[in-house]
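# Commentary on secondary and tertiary structure
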Amino acid sequence: MRVAHYFSDVAMAEEMLDLVNEKDEVIGRASRKEVNGKGLLYRCAGVYVFLNGKIVLEKRSERKKIRPGNWSMVEETVKSGETYEEAAVRGVKEELGLDAANLEFIGKKAIHDRDYNDNFMMHFFVCRTKGVVRPDSKEISETRLVSKKGLMDLLRGNEKTVPSLRESISLLP
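Anyway, here's the lowdown on the structure attached to this text. (Residues numbered from 1 in each chain as written. Predicted model: local features only at pLDDT ≥ 70, side-chain atom pairs only at ≥ 80, totals over all residues. Heavy atoms only, no water.)

Let us look at helix H3 (residues 84-96). The terminal C-alpha atoms of H3, which comprises 13 residues, lie 18 Å apart, in line with the 18 Å expected from a rise of 1.5 Å per residue. Buried within H3 are the following residues: Tyr84, Ala87, Ala88, Arg90, Gly91, Val92, Glu95 and Leu96. Those residues of H3 that are buried are in contact with strand S3 (41-51), strand S4 (54-60), strand S6 (74-77), strand S7 (103-113), strand S8 (118-129) and strand S9 (140-146). Positive phi appears at Gly97, one or two residues downstream of H3, with a value of about 75°. (Helix = DSSP H or I, 4+ residues; strand = E, 2+ residues; numbered from the N terminus. Expected span 1.5 Å × (residues − 1). Buried < 20%, exposed > 50% of the residue type's maximum accessible area, 1.4 Å probe, protein only. Contact = heavy atoms within 4.5 Å.)

Next up, the structure:
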């Protein structure tokens, strides 16, 4: 019984994230649990995925700890030692089932979500891709294809959206 408990603890090893300062310089590492608990600044990639000329938006699952049920672009936490680009490609594949080989960097911002004490440096990308959206039902409850005007209308409306979506709309080409 004790051996089984040991292996379950190892399997549940906490994911490590790089901590950064406001200049996006790595200043340390911490577990995701510590980052979330203390509101430490970490790295995240945000991807505006364009499919057939429309932006793919995803509604975060109600099971998510941070911003459940909020509309978002693909957002992926950058693991320790990983690049923003690697996290972006991984996130598009995991969340939407699409390939994101042609990323275009459009800017970066520090995002401070005071409601959830969630603070991250986000690099924003645009990705134009083809295929069929296959959302990960553990992460996403719904997807929607919108024009840039449709996204602006969503942001002006009553639906819940993540802060990074609102703060990055001006970066879209």
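Now for the packing of aromatic side chains. The full count for this structure, using the stated rule, is 2 aromatic pairs. Seen from their ring centres, Tyr42 and Phe120 are 5.6 Å apart, and the 50° between their planes marks the pair as tilted. Placement of the pair is Tyr42 in strand S3 and Phe120 in strand S8, with a sequence separation of 78 residues. The exposure class of Phe120 is buried, given its relative accessible area of 4%. Arranged with centres 5.9 Å apart and planes meeting at 70°, the rings of Phe105 and Phe125 form a pair that is edge-to-face. One end of the pair, Phe105, is in strand S7; the other, Phe125, is in strand S8, with 20 residues separating them in the sequence. Of the residues examined, Phe105 reaches a relative accessible area of 45% and is grouped as partly exposed. Taking the relative accessible area as the measure of exposure, Phe125 reaches 1% and is therefore buried. (Phe/Tyr/Trp six-rings, centres within 6.5 Å; stacked < 30°, edge-to-face > 60°.)

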